[in-house]
Every structure is written in structure tokens, then in C-alpha cells.
Amino acid sequence: MYIENYEPQRDQPGQQKSRLYWQCRRGMLELDSLLQDFFKQQFDALTAQQRASFELLLQSPDDLLLEYLMGRVVPMDAGMSDVVAKIRQSVTV
Amino acid sequence: MAIAKRKFDSLVIGAGGGGLRAALQLSRAEATVAVVSKVFPTRSHTVAAQGGMNAALANVLPDNWHWHMYDTVKGSDYLGDQDAIEYMCRAASHCVIELEHSGVPFSRLDNGKIYQRPFGGQSQNFGGDQAARTCAAADRTGHAILHALYQQNIRAKTHFFDEYFAVDLLKDDEGYVLGALVLDIETGEPLIIEAKTTLLATGGVGQLFRTNTNARINTGDGMAMALRAGIPVQDMEFFQFHPTGIAGKGMLITEGVRGEGGYLINKDGERFMERYAPHARDLASRDIVSRAIAIEVREGRGCGPRGDHVLLKLDHLGADVIHKRLPGIRETAITFVHVDPVDTPIPVFPTAHYTMGGIPTNRFGQVVAPLGQLVEEPVPGLYAAGECACVSVHGANRLGGNSLLDIIVFGRAAGNHIIGYLQENHYHRPLHADSVDRGMQRLARWDQQGDGESVDNLRMELQREMENHCGVFRTAEVLQDGVVKIKAIEQRLQHARIKDHSKIFNTARIEAMELENMVDLALATVISAQARQESRGAHSRVDFPERDDVHWMKHTLFFKEGYKLDYKPVRTKPLSVDSFPPQKRVY
Ligand SMILES: Cc1cc2nc3c(=O)[nH]c(=O)nc-3n(C[C@H](O)[C@H](O)[C@H](O)COP(=O)(O)OP(=O)(O)OC[C@H]3O[C@@H](n4cnc5c(N)ncnc54)[C@H](O)[C@@H]3O)c2cc1C
């Protein structure tokens, strides 16, 4: 049995954390490494406001995200630039 | 359970440069096109390509497509198919200009023409002086191409299924491919996409190795889908290691650094590439530089407390050149190893970079397999393009800048061939219930409850074994050991379980299916490598150091069923020019 011409329901309340984790999957190893590793280590400890900034950050296109996370461009939004700094600090050699 | 269903003329699985270029060709021809991508399209791995795209535009130095063809055949270590290579090199200039017209902002020379930089393996006049053939949009060529193609597709009304995971191909008893079963990652619901043609453009499988340059989404899903549909994968033993990845982390330091004058040194400060490739030195092709670095380390001339890497020196270029020409590299080094290359060299080691092998196709993008009497029969309704395909223009070794070219040229060619197919095949064939059931079983398998091995641990083990047993150096013993180890992982995977059985954005389930895909491809790679008793291009055997054209100038085909191997001849006859007979490959 099949449902013809299916249109997905996109307005259901997603599980926020899982959804954000999927958004950490990007087109470059550099971003994957920074975002996913940070997410696993620190997401649970973020405040609600920091989480919101992190979510906003993830909406940036890959090239801009790379600029932010490589320290070439500082985001205008103070919350976002704070999260970027946290991500950069989380890298271990 | 009722499964949702959609119908299109054409299905494209993968929204990197290859998939988007094909989709654009189709949408512009007014076919209905569905593009499925597990991540948002502009997050596809094509975004990572920094260096550029080759085309003999001759804007900086004299050049022509025939020289480009020679370099590609030679670079492939004579395993590339010369008909496809001629086709690609001839189409290159046109494709670059087409991209420019689609909105790709290529960097310019002062005279207004497209800037071109020198890359490894490029020559003028069939092996003469260094050529400058790589067109770039600063160091974001892939990003620029991907965004331009995405925008053009939106304009052409391509239908995107973003964040859908393709599970399996649907096929009928006569062997026609009818579309695919996909999973809506957000809702966890399956969906059948029926189509008269299906194009696989799912990219490479760099995640097979622990140290690699690839995005973590590069798990070879399309290749594994083909394997499960009874189609072989070709030349999987040829995996390109990029010579300069950040040691221990994998991130790529582009060849452009050496193009601009950076060079490699060992712990004695020696510029060792002079010993391995006296003419081309640090710009020799990737396999040669990778092997040289590995030998330096093996023979005790590696740097650092563990002697496990060499150094890439660029401080002599001066801060100005580094800032102007290599803007991304400095930040990469500072961010990931806390080193500023303006005054300190970067620790580097070979890192898995590019999958030369893949789904066998002809130069029209049709998937071809030995189905009956012929070695190459098209699988009806199925196409492949881009890194997941093996057309084969890269043969045993890909030249830098030829992959963006490959995905654009053959994405476009596949689109054109599909248009012809659609003109002759007006109707959808009936959906095949057994095929749907098989795909659904694959999904259901991960609903099993209880204790079992963790997918994360198995993946890490797989990547480590592949690095240790199927990396830059290969011998019979090492590979045999690898085959045993990967087969054991395949067995253990049967007993793996995931803990999260939720529906919405269940990453665990996706990662489990990606691991299944990778295990099949790991077996294909290590078994193909074990069988090939020669060294050619990226496949380097310590116990068979020479290339053996008498016995091994042929393509490997690996089938999932019974781990069977088969071979087919290299297509040495180009379309219009004389063939380039195998010669010793010196740079
Ligand atoms: C760091 C780096 C730098 C590079 N630089 C250059 C360069 O300068 N020049 C050059 O020529 N080449 C370069 N390359 C190689 C080149 O970028 C790639 O070979 C090329 O972009 C591959 O494009 P593609 O279209 O085949 O696949 P990708 O861009 O990898 O896209 C694959 C698509 O398939 C989708 N997909 C995969 N599996 C599934 C599934 N199961 N379900 C749904 N969707 C799926 C993904 O979401 C994605 O949209 C570089 C590679 C790397 C790693």
C-alpha cells in the first residue's frame, strides 16, 4: 500500500538537540571536526542563550562559518562571537 | 504499513557539484527532477575544494587540451580510459566558461582573463615545462561552483529533498532501476521516489581511513547501494593519499602552497623531494610525494618527538604572499596545530583524500557492468557521476584540479544522456514490491533492541585497520591481515545495535547505515588491493615495486556476492587522436 504524492509535514516540533547535531554535519572536515567535537563535549553545559547563539551560528553558510571558526571574521552578534571563541578554545593539539 | 511515494522523470541522489550539474541540465530540458541529499545541498563536500579546476585556457602560459590529456593519462599511470579522458579535456574550457556564465566568480589576471595557477602533474608540450592550468575562485572554488549551481537549479525548478537519506536502489526483475527508497531524516519516515532514471552522485568514501581530508558525510553510500544491487565497484584499490595533511588530524594543506613555492623538509632540514623527483621536485604528482614522505618517516628522518611527520616550509615566501595567495592555510595551521606558518613550518603527513575507484560508467554516465555476454553493458535506468563513479578518467591516480572538472563534465554528460533516455522511455515501469521490501528490511534491522557492539567503536576500528593495512604502503602479508580483520568487522557488524530508536533526526540510525556502507567498501578496497600484484599510481606494493603492464593494465571489478573479483581491459583508444602508450612515469 502506498500513499501517492506525499508531501512531508515540516512543522512538527523536532527534537531540538538531535536536529542541531545533524546541522553540525557540514561539507568540510574542518567544520565537522570543530562543530561536532564541540557539540559532543560542551553542548549540554551551554546556557539557553548560548544554545540559541550556537543555533544561529549553524545557519551560516559553510564558507562564512569557516571564516568565523578560523578566526578570520568576527561575527557582529556578541552571543555568536562568544560561542565561536568557545569553539576555537575547545581545540586540542 | 503504507509507504509514501512520489514520482519524477529523473532522480538524482547527491547534491554536490556532480549531482547539481546533472540536475540543472535535466531541469532546463523541462524534465521533472528530484534531488535527494542527506545534508542541505550547499553543505555537500564539493564546498571543500579549495585549489581549483583544470582547463587548458592558456591564459597564463601556452596550453592546449591535448597536453592536458597527456598529463591526465600519464598521471593515471596508464589506467585511465583514454576515450573518456579525451572527452573531458576537450570539454574543459567550455565547462569553465559555462560555469562563469552561471555566476562562478573566477579570479582574474590584470588583463581581465581568468587567472590560472600551476598544479602538480601539469606540463606544457607533453612532459615539458610546468603548465598553469588550474582556474580558481580565490581559495573557494568548490564553494562558488556549488552555490552557483544550487541557485541555477532553484531557478530551473529542480525539486529538492533536503536531509533525506537514500537507503537502497529499487530494481525490477529485468534489471531496470526504478528509483530509490529514501528516509526523511527529520521525521524518520520512509519514502519511495519512483523515477525513469536514477543518477548516483553521492561522492567519495574518504571516511574509510582514520586520517583523511574528507567531510564526515563521505561514507560512500551510493557505491554501496550499487554493490547491494548486484553492480560491481571498479578499481577500489586506488585511493589517493594527499601528501600534505595536517599530521594527526588530516586537514588538507592545498597543493597550491607548493605551487606558490613552499617545499618539504625532513628532520635534517633537507629538501628531500630533490632525491625522489629531480625535475618536478615538490610538484611531482601526489602518489610520488606521498610515498616519499612515508619513506622519509620509515627510514628515521621524520620530524617531531615521535618522528612521525615531515615539515612543509613556507616562511621564505614572506608574510605578504602568504596573506594574499594562501589566506586559508595560515588559519588552518593556527587553528588546528597552533602553528603560524609565516615563521614556523607546518607538520604534515599523507592523508586519505580521493577515491579513484567507484561505480563503473561509460563517458555518457551510464552505469556499465558485465551483466551478460559483454564486459560493459549499461544497467537500464541507472547513471553515476562524480567521485562515486569510475569513468575512468583518473585511473590509478588523480591529478589535482581534475576532480572538479570530472564532476562538471560528466554530470553534464549524464544529464544529456538521460534526456535522450527520457525521450525514448515515456512511462514509469511498475514498482517492484520485493525490492521495496528489501530496502525496508534494511531499515528495520536497526530497530532491533538489546545489547550489541557499538557502531562508534566499530567505525573507529574499521578506520584504524584500513589505515594500518591498506594505506600508502602495502605488502601481501599486511593486506592479507587486513582482509581477515575487515571480514571479522563485517561479522561483528551483524551484532551491532543502536540505543536510540527515536524517529526524529535519529543520527544513530543514519550512522549505522553509513557504517554498513563503509564496511562493504572497505572489503572491496582491501580485497582488490590484495589481488593486484604490482605498483601503479596510488596503489604501491612494497613486494611488487614495479608497474606490470603485461598482467595488470586492466580494471578491477569487485562484486559483493562472494567477494568475487573480475577484470576488464583499459580503453586505450581515444576518440580522435593517437593513443598514449604506457611509458615509465618520471617527473
Ligand atoms: C579538502 C578537499 C579539497 C579538494 N580540492 C579540490 C580541488 O581543488 N580541485 C578539484 O578538482 N578537486 C578537489 N577535491 C575533490 C573534489 O572536491 C571532490 O572530488 C568533488 O567535489 C566530489 O563531488 P561530487 O559531486 O562527486 O560529490 P560531493 O560533493 O561529495 O557530494 C555528495 C552528495 O551526495 C549526498 N549523499 C551522499 N550519500 C547520500 C545518501 N545516502 N543519501 C542522500 N544523499 C547522499 C551528499 O549529501 C552530497 O550532497 C578536494 C577534495 C577535498 C577533500
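Reading the values: rules and limits
Residues numbered from 1 in each chain as written. Chains lettered and ligands numbered in written order. Predicted model: local features only at pLDDT ≥ 70, side-chain atom pairs only at ≥ 80, totals over all residues. Heavy atoms only, no water. Near = heavy atom within 4 Å. Polar contact = N/O pair within 3.5 Å; in protein donor to acceptor, adjacent residues only side chain to side chain. Areas by Shrake-Rupley, 256 points an atom, 1.4 Å probe, with all protein chains shown as cover. Helix = DSSP H or I, 4+ residues; strand = E, 2+ residues; numbered from the N terminus. Nonpolar A, V, L, I, M, F, W, Y, C, P; charged D, E, K, R; others polar. Domains from an automatic or database assignment. Contact = heavy atoms within 4.5 Å. Salt bridge = Lys/Arg side-chain N within 4 Å of Asp/Glu carboxyl O. Buried < 20%, exposed > 50% of the residue type's maximum accessible area, 1.4 Å probe, protein only. Buried area = accessible area lost by both parts, 1.4 Å probe. Pairing = 2+ DSSP bridges.

K.L.:
Quick rundown of the site of the ligand? Include the residues and the values.
P.N.:
Residue and element names in this part refer to chain B. Lining the immediate environment of the ligand, one finds 37 residues, of which S44, T46, E387, S403 and L404 sit closest. In the model, an oxygen atom of the ligand is placed 2.6 Å from a nitrogen or oxygen of the S44 side chain. Within the backbone of L404, a nitrogen or oxygen atom sits 2.7 Å from an oxygen atom of the ligand. Burial of the ligand by the protein chains amounts to 98% of its free accessible area of 1,000 Å². Looking at the shell around the ligand, the elements with two or more residues in it are α1 (17–28), β2 (33–37), β7 (164–171), β14 (346–355) and α11 (402–424). Per element, the largest residue contribution to the shell around the ligand is four residues, and it comes from α11. Among the residues forming the shell around the ligand, the class breakdown is 13 nonpolar, 20 polar and four charged.

K.L.:
Lay out the domain arrangement of chain B in plain terms, naming residues and giving numbers.
P.N.:
Residue and element names in this part refer to chain B. With domains assigned, chain B is organised as domain 1 (244–350) and domain 2 (434–557). Computed over C-alpha atoms only, the centres of domain 1 and domain 2 are separated by 30 Å. On the side of domain 2, five residues touch domain 1, which itself brings seven residues to the contact. The interface formed by domain 1 and domain 2 includes zero salt bridges. Our count for the domain 1 to domain 2 interface comes out at two residue pairs in polar contact (both at pLDDT 80 or more). Here the side of domain 1 that touches domain 2 gets six residues from one element, more than from any other, and that element is helix α8 (residues 286–298). For the side of domain 1 that touches domain 2, the residue count by class is three nonpolar, one polar and three charged.

K.L.:
I'd like to hear about the environment of K157 of chain B, residue by residue, with values.
P.N.:
For K157 of chain B, the position within the fold is in the loop between α4 (141–155) and β6 (159–162). Separated by 250 residues in sequence, K157 of chain B and I407 of chain B have C-alpha atoms that sit 21 Å apart.

K.L.:
I'd like a description of the side chain of Q124 of chain B, backed by residues and values.
P.N.:
Residue and element names in this part refer to chain B. Within the secondary structure layout, Q124 lies in the loop between β4 (116–117) and β5 (134–135). Look at Q124 and you get buried, because its relative accessible area is 14%. At 3.0 Å, the side chain of Q124 forms a polar contact with the backbone oxygen of Q130.

K.L.:
Residue-level account of the interface of chain A and chain B, with values.
P.N.:
Across the contact, 42 residues belong to chain A and 55 residues belong to chain B. In this assembly, chain A packs against chain B so that about 4,300 Å² is buried in total across both faces, 54% of it on carbon and sulfur atoms. At the surface where chain A touches chain B, the tally comes to five salt bridges. The partner of R216 of chain B in a salt bridge is D37 of chain A, and the shortest N-O contact between them spans 3.4 Å. Linking chain A with chain B are 15 residue pairs in polar contact (both at pLDDT 80 or more). Contributions of two or more residues to the side of chain A that touches chain B are made by β1 (2–3), α1 (16–23), α2 (29–42) and α4 (62–69) of chain A. In terms of residue count, the dominant contributor to the side of chain A that touches chain B is α2 of chain A (seven residues). Partitioned by chemical class, the residues of the side of chain A that touches chain B number 17 nonpolar, 11 polar and 14 charged. Of the strand pairs in this sheet, β1 of chain A and strand β1 (residues 3–13) of chain B are connected by two bridges, and their pairing is parallel. Looking at β1 of chain B, one finds that Y2 of chain A is bridged to I3 of chain B.

K.L.:
I'd like a rundown of the environment of G230 of chain B, residues and numbers included.
P.N.:
Residues and elements named next belong to chain B. Among the structural elements, G230 can be located in the loop between α5 (221–228) and β10 (233–234). Judged by relative accessible area, which is 48%, G230 ranks as partly exposed. With 43 residues separating them in the primary sequence, G230 and T187 have C-alpha atoms 30 Å apart.

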